[in-house]
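# Observations on the model geometry
Read off the chains here:
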Amino acid sequence: MKNIFRIFAVVAIMVLVSTESVWAGNDKRRGTAGATELLINPWARSTGWGSAGVANVRGLDAFYSNIAGLSYVNNFEFTYTNTMLYGGRSGLNSGASINALGLAVRLFDRGVMGLSLMSMGFGDIAITTEESPEPINGTYSPTLMNINVAYSHIFTTSIRGGVNLKVISESTANVSGSAFAIDAGIQYVTGRDDELKFGISLKNWGPAFSFDGTGLSFTFPNAAGNNMTAEFRSGEMELPTCLNIGASYDFLIEALSQRITIAGAFTSNAFLKDNFALGLEYSLLNIFSLRCGYVYQTDIFDKDLRTTANTGIHAGASVDVPLAKKGSDSNTALTVDYSYRTSANLRGTHAIGATFKF
């Protein structure tokens with residue numbers, strides 16, 4: 001009973017925080033947040049249906065959707081995903097790519113500890129100046145990175161919760177900025193076969209941050225002919241806080257261990273338009289999975305008013321290959337995931353990842 005009261009207390013705190021941080025957004029603040037890479041899902045499995053699995057995400061994908069799902073890790077999991085964003089480094093439209101690493105270890109019966117790293121690069125960009133507008137001055141490579149340390153706990157057979165602490169770093173050769181944020185999430189499972197699930201997560205809540213470095217200064221001669229150095233002050237930027245609420249339902253078919261899952265999620269963004277995600281997943285023999293999803297936001301069908309490059313359609317597939325001998329109690333397996341996200345005016349986004357678990 002005490003655990004249930006604790007869960008309700010956490011939910012109350014999340015709602016109070018989200019009331020001030022998330023719902024405070026308005027049209028005049030759209031696009032003014034910093035570190036917006038935190039709103040890009042770097043994991044191949046969950047992006048296959050538009051991150052609709054807030055209520056039923058499991059394993060290391062929970063670092064993005066709902067950290068409570070990390071508690072489903074059995075013993076140990078390690079994953080790597082590469083995302084070619086809008087064409088990737090080999091594409092015609094984009095030089096952006098994302099690499100994501102994650103690992104999780106069960107510490108005891110009810111607790112799982114996890115660590116993940118997301119690094120986003122843009123390839124080599126030519127250096128140009130007012131005096132030398134031609135790209136003959138070399139190149140630079142901006143880097144966006146965040147490191148996550150999380151703990152997820154099983155409170156009861158129906159309730160799981162988790163907290164994630166993240167450090168955000170953005171840098172070029174001579175300008176950098178850093179910040180930290182907190183994620184928190186809860187999942188609730190009910191039904192005779194645990195087929196009905198609910199979830200809520202608050203993401204990217206933390207203080208504002210700014211940039212500094214020699215790149216924000218410039219040298220100029222004064223009236224006496226002496227060189228003086230002045231520095232621009234970087235304005236502070238809020239983090240892209242958001243609140244996710246989701247639900248899912250499993251239709252279980254005994255023949256060939258089939259499962260059809262319908263999932264939906266609503267995301268309230270403090271500095272962007274709100275999103276509605278609807279996803280469908282089909283699983284066969286607990287080995288093959290196909291999924292698709294759609295993410296909607298206001299004006300997404302209007303090319304003049306649309307404020308996102310993504311056009312909403314997501315698709316993906318997974319293959320889970322058991323590595324343990326038949327009859328063994330081991331859960332050792334290798335999973336390969338793939339997803340595709342459509343976009344307007346740019347090439348689509350491909351993501352492929354592999355997860356080893358035992």
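Whatever comes next refers back to the structure up there.
Now for a quick tour of the structure. The structure presented is a predicted model; accordingly, all values stated were derived computationally and were not measured.

A count of helices and strands for the protein chain gives two helices and 19 strands. Of all 358 residues assigned to the protein chain, the portion counted as buried reaches 43%. For the protein chain, the exposed area adds up to about 18600 Å²; of that, 60% sits on carbon and sulfur atoms.

Moving on, we get to the pairing of strand 6 (residues 143–154). Only one face of strand 6 is covered, namely the one carrying L144, N146, N148, A150, S152 and I154; the face carrying T143, M145, I147, V149, Y151 and H153 has none of its residues buried. Bridging between strand 3 (residues 111–121) and strand 6 involves eleven bridges; their strand directions are antiparallel. If you follow S116 over to strand 6, its bridge partner there is N148. Between strand 6 and the antiparallel strand that follows it, strand 7 (residues 159–171), lie four residues.

Taken together, the eight bridges between strand 1 (residues 76–84) and strand 19 (residues 349–357) define a ladder with antiparallel strand orientation. Among the inter-strand pairings, E77 is bridged to a residue of strand 19, identified as K357. The pairing of strand 18 (residues 333–343) with strand 19 spans nine bridges and is antiparallel. What sits directly across from S339, in strand 19, is A351. The antiparallel pairing of strand 18 with strand 19 creates a hairpin that spans five residues between the two strands, and N345 there sits at a positive phi of about 70 degrees.

Considering only enclosed or pocket space, the largest pocket measures out at about 1200 Å³ in volume. Considering the residues around the largest pocket, the lining is formed by 42 residues, among which R45, R58, R259, D320 and K357 are closest to the centre. Of all elements in the fold, only helix 2 (44–47), strand 13 (242–253), strand 14 (258–269), strand 15 (275–284), strand 16 (288–296), strand 17 (310–322), strand 18 and strand 19 reach the threshold of two or more residues within the lining of the largest pocket. Looking at the lining of the largest pocket residue by residue, the class counts come to twelve nonpolar, 16 polar and 14 charged. As for the second largest pocket, its lining consists of 39 residues, of which L39, Y64, N275, T308 and N310 are closest to the centre.

Attention now goes to empty space enclosed by the protein. The rolling of a water-molecule-sized probe over the atoms marks out the regions of remaining empty space. Taken as a whole and assessed by the stated rule, the structure comprises four cavities of 30 Å³ or more. If you trace the largest cavity, you find 14 residues lining it, with F63, Y64, M118, N146 and N148 closest to the centre. Secondary-structure elements contributing two or more residues to the lining of the largest cavity are strand 3 and strand 6. Examining the composition of the lining of the largest cavity, we find that three residues originate from one element, strand 3, more than from any other. Of the residues belonging to the lining of the largest cavity, the class tally is eight nonpolar, three polar and three charged. In terms of lining, the second largest cavity is formed by N74, N75, F76, E77, N331, K357 and F358. Looking at the lining of the second largest cavity, its residues break down into two nonpolar, three polar and two charged.

Rules behind the numbers
Residues numbered from 1 in each chain as written. Predicted model: local features only at pLDDT ≥ 70, side-chain atom pairs only at ≥ 80, totals over all residues. Heavy atoms only, no water. Helix = DSSP H or I, 4+ residues; strand = E, 2+ residues; numbered from the N terminus. Buried < 20%, exposed > 50% of the residue type's maximum accessible area, 1.4 Å probe, protein only. Areas by Shrake-Rupley, 256 points an atom, 1.4 Å probe, with all protein chains shown as cover. Pairing = 2+ DSSP bridges. 1 Å grid on protein atoms, 1.4 Å probe; cavity = no way out; pocket = protein on both sides within 12 Å on 5 of 7 lines; lining within 4 Å. Points joined across faces, edges and corners; volume = space filled by probe spheres on them. Nonpolar A, V, L, I, M, F, W, Y, C, P; charged D, E, K, R; others polar.

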